[in-house]
Amino acid sequence: MHKPVLLKEVISLLNPKSGSVYVDCTLGSGGHTIAILNSGAKVYGIDRDLEAVEEVKTQNSKVKNKELKVIWTNFRNLGELIKGKVSGVLFDLGLSSEQLDSPVRGFSYRFNGLLDMRMDRSKGVPCYKLLKEMGVEDLEYILLNYGEERYFRRIAREIVQNKPETTEALKEIIRRITPPSSRTKILARVWQGLRIFVNDELACLRDGLVGATKILKVGGRICVISYHSLEDRIVKQYFRDELLLKVITNKPICPSEEEISGNPRSRSAKLRCAEKIGIGG
Ligand SMILES: C[S@@+](CC[C@H](N)C(=O)[O-])C[C@H]1O[C@@H](n2cnc3c(N)ncnc32)[C@H](O)[C@@H]1O
């Protein structure tokens, strides 16, 4: 079961009030959403992963909570989706434990399975199909810019030659051509780069932040938890440059040692928050 990251810190920054409306753009297993609902607030829970949405809907039908509205969509549509203004918006980026631990999704190199990597399996093209069509230069760009991987040239060349379809086949390529000492980090970076590309994650985040600013009330807050430097940089710059926002967290909030030891997946998390100060957007 996915453990919500920086939960106390998110709740303290959003400070949800009974009757107010919040949007959880990354519903996942609903960890943050449940805590917001417990304050008596209403929540729109959004996720692009149908399995996550169906699971939360099933749970919610058992507790009959009318204050939660679950929506299956990409948060990049936020600006057009929500009519009226809300008091807070949360983005907890990346993947849930359910997604990471499911071999058929291809999100983790720890399990063998098809290299799919799509968060929404009803749209887009699975990773293994993209790898069949991609040229070396495009793949080099992805591995360098989205994976920040220094062996990007040799990995791209081998992938294009061998066209791996499964996580094990891709892992085997990387095993053959990279030094064992840094292997785990290389695997993580290659997976990150491909996943960002397959799901167009950085563009979605930019659109989502614009949408969130548009639907917020003055005084409402956006909280974003990111898990790698590419996402964090986008959030930091957007919060700094958007005139309708005031930065609340000058430095990002990170999980305590205690949280990391209870939930190692939280170790790279960074939470930033901004407040809407002007009308419009
Ligand atoms: C880290 S999990 C969220 C976990 C959740 N906060 C909890 O406590 O259970 C991230 C979720 O965001 C979803 N997601 C990522 N990018 C998305 C996007 N552009 N639009 C909608 N959902 C997205 C993923 O499918 C995943 O379920």
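Residues numbered from 1 in each chain as written. Predicted model: local features only at pLDDT ≥ 70, side-chain atom pairs only at ≥ 80, totals over all residues. Heavy atoms only, no water.

**What to know about the site of the ligand**
Now for step 1: Neighbouring residues of the ligand: 24 residues in total, closest His 32, Asp 47, Phe 75, Asp 92 and Gln 99.
Now for step 2: Between the ligand and Gly 31 there is a distance of 3.3 Å, counted from an oxygen atom to a backbone nitrogen or oxygen.
Now for step 3: Contact distances for the ligand include 2.8 Å between a nitrogen atom and a backbone N or O atom of Phe 75.
Now for step 4: Taking a 2 Å distance to the grid points as the criterion, the majority of the atoms of the ligand fall inside the largest cavity.
Now for step 5: Among the residues making up the shell around the ligand, the classes are represented as 8 nonpolar, 12 polar and 4 charged. (Near = heavy atom within 4 Å. Polar contact = N/O pair within 3.5 Å; in protein donor to acceptor, adjacent residues only side chain to side chain. 1 Å grid on protein atoms, 1.4 Å probe; cavity = no way out; pocket = protein on both sides within 12 Å on 5 of 7 lines; lining within 4 Å. Sits in = over half its atoms within 2 Å of the grid points. Nonpolar A, V, L, I, M, F, W, Y, C, P; charged D, E, K, R; others polar.)

**Some remarks on the sheet that holds strand β3 (residues 68-72)**
Now for step 1: An order of β3-β2-β1-β4-β5-β7-β6 is seen for the 7 strands of this open sheet, with the pairing classed as mixed. Single-partner strands in this sheet number two, and they are β3 and β6 (245-247). Each neighbouring strand pair of the sheet contributes to a mean axis angle of 20°, computed without reference to strand direction.
Now for step 2: Each of β1 (21-24), β4 (86-92), β5 (216-226) and β7 (270-276) is contacted by helix α1 (residues 7-14), which is oriented at about 165° to β5, the strand it contacts most. (Pairing = 2+ DSSP bridges. Helix = DSSP H or I, 4+ residues; strand = E, 2+ residues; numbered from the N terminus. Axes fitted to C-alpha atoms, helices over the stretch in contact; angles between N-to-C directions. Contact = heavy atoms within 4.5 Å.)

**With respect to the state of the cysteines**
Now for step 1: Scanning the entire structure with this criterion turns up 0 disulfides.
Now for step 2: Take Cys 25: it sits in no disulfide, and the sulfur closest to it among the cysteines is that of Cys 223, at 11 Å.
Now for step 3: Looking at the unpaired Cys 223, the closest cysteine sulfur is the one in Cys 273, lying at 3.9 Å. (Disulfide = S-S within 2.5 Å.)

**A word on the packing of aromatic side chains**
Geometry of an aromatic ring pair is reported as the spacing of the ring centres plus the angle between the planes.
Now for step 1: Per the counting criterion, the structure on display carries 3 aromatic pairs.
Now for step 2: Ring geometry for Phe 75 against Phe 91: centres 4.9 Å apart, planes inclined by 85°, an arrangement best described as edge-to-face. Linking Phe 75 in the loop between β3 and α4 (78-81) with Phe 91 in strand β4, this pair joins segments that are 16 residues apart in sequence.
Now for step 3: A relative accessible area of 12% places Phe 75 in the buried class.
Now for step 4: With a centroid separation of 5.5 Å and 70° between ring planes, the pair formed by Tyr 109 and Trp 191 is classed as edge-to-face. Placement of Tyr 109 in the loop between α5 (97-100) and α6 (127-133) and of Trp 191 in helix α10 (residues 183-199) is noted, with a sequence separation of 82 residues between them. (Phe/Tyr/Trp six-rings, centres within 6.5 Å; stacked < 30°, edge-to-face > 60°. Buried < 20%, exposed > 50% of the residue type's maximum accessible area, 1.4 Å probe, protein only.)

**Concerning the pairing of β1**
Now for step 1: As paired elements, β1 and strand β2 (residues 42-47) share 4 bridges and run parallel to each other. By the bridge assignment, Asp 24 is partnered in β2 with Gly 45.
Now for step 2: Assessed by its sense of winding, the connection that carries the chain from β1 through helix α2 (residues 31-37) to β2 is right-handed. (Right-handed = clockwise from strand over helix to strand, strands pointing away.)

**Focus on the layout of surface pockets**
If a probe as big as a water molecule is rolled over the atoms, it shows which places are left empty.
Now for step 1: Of the volumes computed, that of the largest pocket is approximately 940 Å³.
Now for step 2: Lining the largest pocket are 28 residues, with Leu 100, Ala 188, Arg 195, Arg 267 and Ser 268 positioned closest to its centre.
Now for step 3: Within the residue set of the lining of the largest pocket, elements represented by two or more residues are α5, α10 and α12 (229-241).
Now for step 4: For the lining of the largest pocket, the leading source of residues is α10, giving 6 residues. (Points joined across faces, edges and corners; volume = space filled by probe spheres on them.)

**As for the side chain of Asn 199**
Now for step 1: If you trace the backbone, Asn 199 turns up in helix α10.
Now for step 2: Apart from residues lying up to four places away in sequence, Asn 199 is in contact with Arg 48, Phe 107, Met 117, Arg 118, Met 119 and Cys 204.

**A closer look at the domain arrangement of the protein chain**
Now for step 1: Splitting the protein chain by domain gives domain 1 (7-92 + 201-276) and domain 2 (103-199).
Now for step 2: If you average the C-alpha positions of domain 1 and of domain 2, the two centres end up 28 Å apart.
Now for step 3: Across the boundary between the two partners, domain 1 contributes 13 residues, which contact 13 residues of domain 2.
Now for step 4: For the domain 1 and domain 2 pair, buried surface summed over both sides reaches about 1,100 Å², with 41% attributable to carbon and sulfur atoms.
Now for step 5: If you sort the residues of domain 1 by the area they bury against domain 2, Arg 48, Glu 201 and Leu 230 come out on top, with a joint share of 51%.
Now for step 6: Taken together, domain 1 and domain 2 are joined by 5 salt bridges.
Now for step 7: Ionic pairing is found between Arg 121 and Glu 51, a salt bridge with its closest N-O pair at 2.2 Å. (Domains from an automatic or database assignment. Buried area = accessible area lost by both parts, 1.4 Å probe. Salt bridge = Lys/Arg side-chain N within 4 Å of Asp/Glu carboxyl O.)

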